[in-house]
Amino acid sequence: MHRTFFAPKVFALTALLMAGPALAASDPAELARLFGEWRQFQAGPVTPAGGPDFTASANAARAEGLKRMQAKLAALDTSGWPVNHKVDYQLVRAEMNGLDFDLRVLKPWERDPAWYVSVWSAKSDTPAHEGPVHPQPIELWQYKFPLSKADAAKLAKELAHIPPLLTQARGNLTGNARDLWNASLVTLAEQEEALAGLMPKVKGHKATEKATTAALAATREFIAWAKAEAPKKTGPSGVGTENYTWFLKNVQLSPYTWEDEVAILQRELARAHAGLRLEENNHRNLPPLTSPKNQAEWEAKSWADIDHFIRFMGEKQILTVQPYMRPVLGEHINNWVPEDRQNFFQIVQGRAPNALFAHFYHWWDLAREEANPHASPIRRGPLLYNIWLSRAEGQATAMEAMMLDAGLFDKEPRSREVVWIMQAQRAARGLASLYAQANLIDLDGAMKMQVERTPNGWMSPTLPLLGFEQSLYLRMPGYGPSYITGKAQVEQLFAELAEKEGSAFSVKGFYDRFNGFGMIPVSMIRWEWLGATDQVQAMGIKP
């Protein structure tokens with residue numbers, strides 16, 4: 001019998017030659033380069049005057065350019081990439097989806113006059129501005145007065161875009177979102193106030209004086225125009241449940257749907273009310289909490305709680321205490337306000353400062369990111385479209401509740417009640433915002449619900465805080481619920497890691513590692529840290 005022992009080798013070689021060269025995965029450095037290109041694209045185009053251009057023709061060009069950007073991203077082969085680079089890829093994809101959502105659904109340049117606000121007088125406690133903001137905000141809080149010549153020239157140049165931008169806005173604002181339009185009048189008035197307050201500070205810098213005067217006049221004219229147009233606006237302002245869920249999964253990278261968020265917030269609202277009443281019953285024979293009567297008492301009480309907080313974090317091994325933690329909290333003690341004029345958070349700080357300072361984990365986040373920028377260029381600065389929500393607002397809110405369980409508030413038992421009120425207020429306002437985004441209630445209905453379902457009458461129906469919160473949550477889908485839904489994700493991650501590590505788990509180890517992933521969605525931290533893919537697969541992401 002004739003045997004051909006060489007035949008399998010020949011066939012294998014032939015198959016290999018016919019297959020051609022193997023395709024190599026893309027280099028993660030290509031993603032970093034594309035990210036830089038994307039950010040440059042997202043910031044433009046600009047008008048001949050140098051301001052943002054959101055006319056119909058510019059938006060048509062944006063839409064076409066976005067398709068090209070998305071195609072470039074999709075062409076990257078991420079097979080074989082480590083999970084951290086795959087996470088970075090999803091962050092870039094989410095930002096591109098954010099612009100897509102703006103162009104298709106949110107259209108803030110068309111529906112919301114407040115989107116044209118340029119002047120920001122205070123620093124946010126989050127990685128970037130809360131809610132939609134055009135690409136050229138003027139960060140007035142970054143300037144030091146009296147101005148240097150260089151800063152005066154820089155500010156004059158920035159202010160110069162306001163008059164042409166507000167002229168452009170009148171042609172762009174063709175939408176019919178009644179609540180967004182009416183709420184914008186309050187926000188625009190804040191720009192008017194800021195510019196009026198700037199006038200005496202720029203005296204002696206002629207170009208800056210001229211630019212400030214022109215910006216103030218243009219703002220006042222725009223407010224008058226917006227007020228005149230307001231009665232014509234009759235349509236809904238929410239994006240609807242289907243669009244809302246798409247935004248959660250594709251932009252916020254959240255594992256939830258609109259219906260999931262409703263269920264979570266309903267549960268947390270009931271839990272907070274029940275927890276509060278049990279605490280009140282337990283403490284019924286203790287004297288009530290009181291608020292300071294003047295600035296000196298306010299500062300003394302706040303500093304005492306800050307010192308207790310920092311000491312507690314170290315002694316109880318909650319996390320590694322950093323040098324910036326105490327001073328950055330002290331910078332946000334703020335001013336005393338008489339009790340009859342206190343808003344919700346002033347009531348909280350006056351009675352139990354650490355209930356608020358626990359939430360000021362925000363400021364620790366910002367200080368840490370400044371001191372130790374992330375190695376990834378994609379995580380080094382704030383993600384666009386508030387993609388950091390679950391991590392920023394969720395962790396700050398989780399800190400309140402988890403420190404309640406850890407014992408931070410035990411030295412003053414009645415302060416435990418305040419934490420439950422904080423949790424209830426977040427759940428009430430978030431649930432109201434969900435109904436508003438679904439167009440089940442209007443903005444007035446959302447504010448009414450928040451007031452009625454915040455315990456003990458602490459949410460004033462007349463102070464500006466209420467309108468600010470609900471109008472923000474109407475402008476930015478997902479923001480209102482993110483305090484509670486982000487908290488739920490942080491708690492889940494904490495529990496899953498504890499189960500996985502068993503006796504090796506430590507609270508300090510959790511927080512120190514958690515802080516190292518950057519200000520990215522908690523779902524992405526979970527994927528990178530635990531290797532868990534169930535949530536990302538539910539978002540339609542191939543791990």
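Bear in mind that the values here come from a model prediction, so they are computed numbers and not experimental data. Per chain, the residues get numbers from 1 upward, laid out in the order the sequence is written. Thresholds applied to this predicted model are a pLDDT of at least 70 for local features of residues and 80 or more for the giving and counting of side-chain atom pairs; totals over whole chains, interfaces and linings are not thresholded and use all residues. For the side-chain quantities, the full set of heavy atoms in the structure was used; hydrogens and water were omitted.

The next point concerns the overall build of the chain. Think of it this way: any DSSP run of H or I at least four residues long counts as a helix, any run of E at least two long counts as a strand, and we number them from the N terminus. Across its full length, the chain carries 24 helices and two strands. Expected size for 543 residues packed as a compact globule is a radius of gyration near 24 Å; at 26 Å, the chain falls within 12% of this value. For the chain, the residues scored as buried account for 55% of the 543 residues in total. Method for areas: the Shrake-Rupley scheme with a 1.4 Å probe, in which residue coverage is limited to the protein chains shown. For the chain, the exposed area adds up to about 24000 Å²; of that, 56% sits on carbon and sulfur atoms. The charged-residue count follows a simple rule in which Lys and Arg add positive charge and Asp and Glu add negative charge, with His and chain termini not counted at all. The atoms used to mark charge sites are NZ of Lys, CZ of Arg, CG of Asp and CD of Glu. Taking the average place of the 58 positive charges on the side chains of the chain and the average place of its 59 negative ones, the gap between the two points comes to 3 Å. What the globule rule says is 2.2 Å times the number of residues to the power 0.38, and the radius of gyration is computed from C-alpha atoms. In this scheme, a residue with accessible area under 20% of its type's maximum is buried, one over 50% is exposed, and one in between is partly exposed, where area comes from a 1.4 Å probe on protein chains only.

The α-helix advances 3.6 residues per turn, and as a result positions three or four apart in sequence lie on the same side. By the criterion of burial, helix H14 (residues 344-351) is predominantly enclosed, with seven of the eight residues buried. Those residues of H14 lying buried are Phe344, Phe345, Ile347, Val348, Gln349, Gly350 and Arg351. A contact between two residues is defined here by any heavy atoms of the two lying within 4.5 Å. The inward-facing, buried residues of H14 abut helix H12 (295-315), helix H15 (353-357), helix H18 (415-437) and helix H20 (464-475). The term polar contact refers here to a pair of N or O atoms within 3.5 Å; inside protein, the definition further demands a hydrogen-donor-capable atom paired with an acceptor-capable atom, and it admits residues adjacent in sequence only when both atoms are side-chain atoms. Measuring from the backbone nitrogen of Phe345 back to the side-chain oxygen at the start of H14 gives 3.1 Å, which picks out Asn343 as the cap.

Time to look at helix H7 (residues 162-172). Residues Ile162, Leu165, Leu166, Gln168, Ala169 and Asn172 constitute the buried set of H7. The buried residues of H7 all sit within an arc of 160° when viewed along its axis, so they share a single face. What points out from H7, more than 90 degrees from its buried face, is the exposed set Thr167 and Gly171. Of the surrounding elements, those touching the buried residues of H7 are helix H5 (108-111), strand E1 (119-120), strand E2 (138-139), helix H6 (149-159), helix H8 (178-198) and helix H9 (206-229). It is the directions from the helix axis to the C-beta atoms that the arc portrays.

Every case where a carboxyl oxygen of Asp or Glu lies within 4 Å of a side-chain nitrogen of Lys or Arg is listed as a salt bridge. What the rule picks out here adds up to 32 salt bridges. Between Asp100 and Arg104 there is a salt bridge, with the nearest N and O atoms lying 3.0 Å from each other. One end of the pair is Asp100 and the other is Arg104, both in helix H4 (residues 83-106) and four residues apart, which spans about a single turn. In this structure Asp100 comes out as buried when scored by relative accessible area, which is 18%. Taking the relative accessible area as the measure of exposure, Arg104 reaches 41% and is therefore partly exposed.

Cavity and pocket criteria rest on a 1 Å grid covering protein atoms alone: a 1.4 Å probe that fits but cannot get out defines a cavity, protein on both sides within 12 Å along at least 5 of 7 lines defines an open pocket, and an atom within 4 Å of a point defines a lining residue. Grid points are joined across faces, edges and corners, and a volume is the space filled by probe spheres set on the points. The space that makes up the second largest pocket amounts to roughly 1000 Å³. Pro127, Ala128, His129, Pro382 and Leu384 are the residues nearest the centre of the second largest pocket, which is lined by 42 residues in total. Listed by contribution, the elements that provide at least two residues to the lining of the second largest pocket are helix H2 (28-43), H4, H5 and helix H16 (361-371). Residues are grouped as follows: Ala, Val, Leu, Ile, Met, Phe, Trp, Tyr, Cys and Pro are nonpolar; Asp, Glu, Lys and Arg are charged; every other residue, Gly included, is polar. Taken together, the residues of the lining of the second largest pocket sort by class into 23 nonpolar, ten polar and nine charged.

Here we take up the environment of Leu474. With respect to the element layout, Leu474 can be found in helix H20. Looking at Leu474, the relative accessible area reads 6%, which means it is buried. As for Leu474 and Leu434, which are separated by 40 residues in sequence, their C-alpha atoms are 8.9 Å apart. Not counting the four nearest positions on each side in its chain, Leu474 is found in contact with Asp179, Leu180, Ser237, Gly238, Ala436, Gln437 and Leu443.

Quick look at unusual backbone geometry now. Look at the link from Gly44 to Pro45: it is a cis peptide, with omega at -5°. Along the polypeptide, Pro45 turns up in the loop between H2 and helix H3 (56-74). Put simply, Phe145 and Pro146 share a cis peptide bond, and its omega is 0°. Turning to its location among the elements, Pro146 is positioned in the loop between E2 and H6. We note that Tyr385 has phi near 60°; this positive angle belongs to a residue other than glycine. Tracing the backbone shows Tyr385 in the loop between H16 and helix H17 (389-406). Positive phi, normally seen in glycine, also occurs at Asn386, with a value near 55°. Following the sequence through the fold, Asn386 ends up in the loop between H16 and H17.

What follows deals with the environment of Lys154. Tracing the backbone shows Lys154 in helix H6. For the pair formed by Lys154 and Tyr143, sequence separation is eleven residues and the distance between their alpha carbons is 10.0 Å.

The rule is short: rings of Phe, Tyr and Trp, with Trp giving its six-membered ring, pair when the centres are within 6.5 Å, and they are stacked under 30 degrees, edge-to-face over 60, tilted in between. Tallying each qualifying case throughout the model produces 26 aromatic pairs. The interplanar angle of 25° and the centroid separation of 5.6 Å between the aromatic rings of Phe222 and Trp225 together place this pair among those described as stacked. With Phe222 and Trp225 both in helix H9 and three residues apart, the pair spans about one turn of that helix. Members of the aromatic cluster, connected to one another through ring pairs, are Phe54, Trp109, Trp115, Tyr116, Trp181, Phe222 and Trp225. Put simply, a charge is over a ring when the Lys NZ or the Arg CZ is close to the ring centre, within 6 Å, and near the line of the ring normal, within 35 degrees. In this structure, Arg104 is placed above the aromatic ring of Trp246, and the distance from its NZ or CZ to the ring centre is 4.7 Å. The ring of Trp458 carries Arg351 above its face, with NZ or CZ at 5.9 Å from the centroid.

We now examine the confidence of the model for the chain. Of all residues in the chain, 96% have pLDDT values of 70 or greater, and the mean over the chain is 95. Each residue gets a pLDDT score, which is the predictor's confidence in that residue and runs from 0 to 100. For the stretch residues 1-23, pLDDT sits under 50, and the model shows zero contacts to residues farther than four places along the chain or on other chains.

Ranked by size, the top nonpolar core spans 166 residues in total, and within it Trp364, Met403, Tyr511 and Met524 carry the most contacts. It is H18 that provides the largest number of residues to this core, a total of 13 residues. For the purposes of this section, nonpolar cores are sets of buried Ala, Val, Leu, Ile, Met, Phe, Trp, Tyr and Cys residues that join through side-chain atoms within 4.5 Å.

Attention now moves to the packing of helix H21 (residues 479-501) against helix H23 (residues 522-530). Simply put, an axis is a line fit to the C-alpha atoms, just over the touching stretch for a helix, and the angle between two N-to-C directions goes from 0 to 180 degrees. Put simply, H21 and H23 touch, their axes get as near as 10 Å, and they point 10° apart. Accordingly, the angle class assigned to the pair H21 and H23 is roughly parallel. Across the interface between the two elements, Gln489, Val490, Gln492, Leu493, Glu496, Leu497 and Lys500 from H21 touch Val522, Ser523, Ile525, Arg526, Trp529 and Leu530 from H23. Orientation categories follow fixed angle ranges, with anything under 35 degrees roughly parallel, anything over 145 roughly antiparallel, 65 to 115 roughly perpendicular, and all other angles oblique.

Applying the stated criterion across every chain, the model contains three cavities of 30 Å³ or more. By volume, the largest cavity amounts to about 80 Å³. Taken together, Leu248, Gln252, Leu253, Ser254, Glu261, Leu389, Ser390, Gly478, Ser482, Thr485 and Gln489 form the lining of the largest cavity. Of all the secondary-structure elements, those providing two or more residues to the lining of the largest cavity are H17 and H21. Tallying contributions element by element places H21 first for the lining of the largest cavity, with three residues. Partitioning the lining of the largest cavity into residue classes produces three nonpolar, seven polar and one charged. Space inside the second largest cavity adds up to approximately 40 Å³. Forming the walls of the second largest cavity are Leu106, Pro108, Arg111, Asp112, Pro132, Leu180 and Arg475. In the lining of the second largest cavity, the residues fall into four nonpolar, no polar and three charged.

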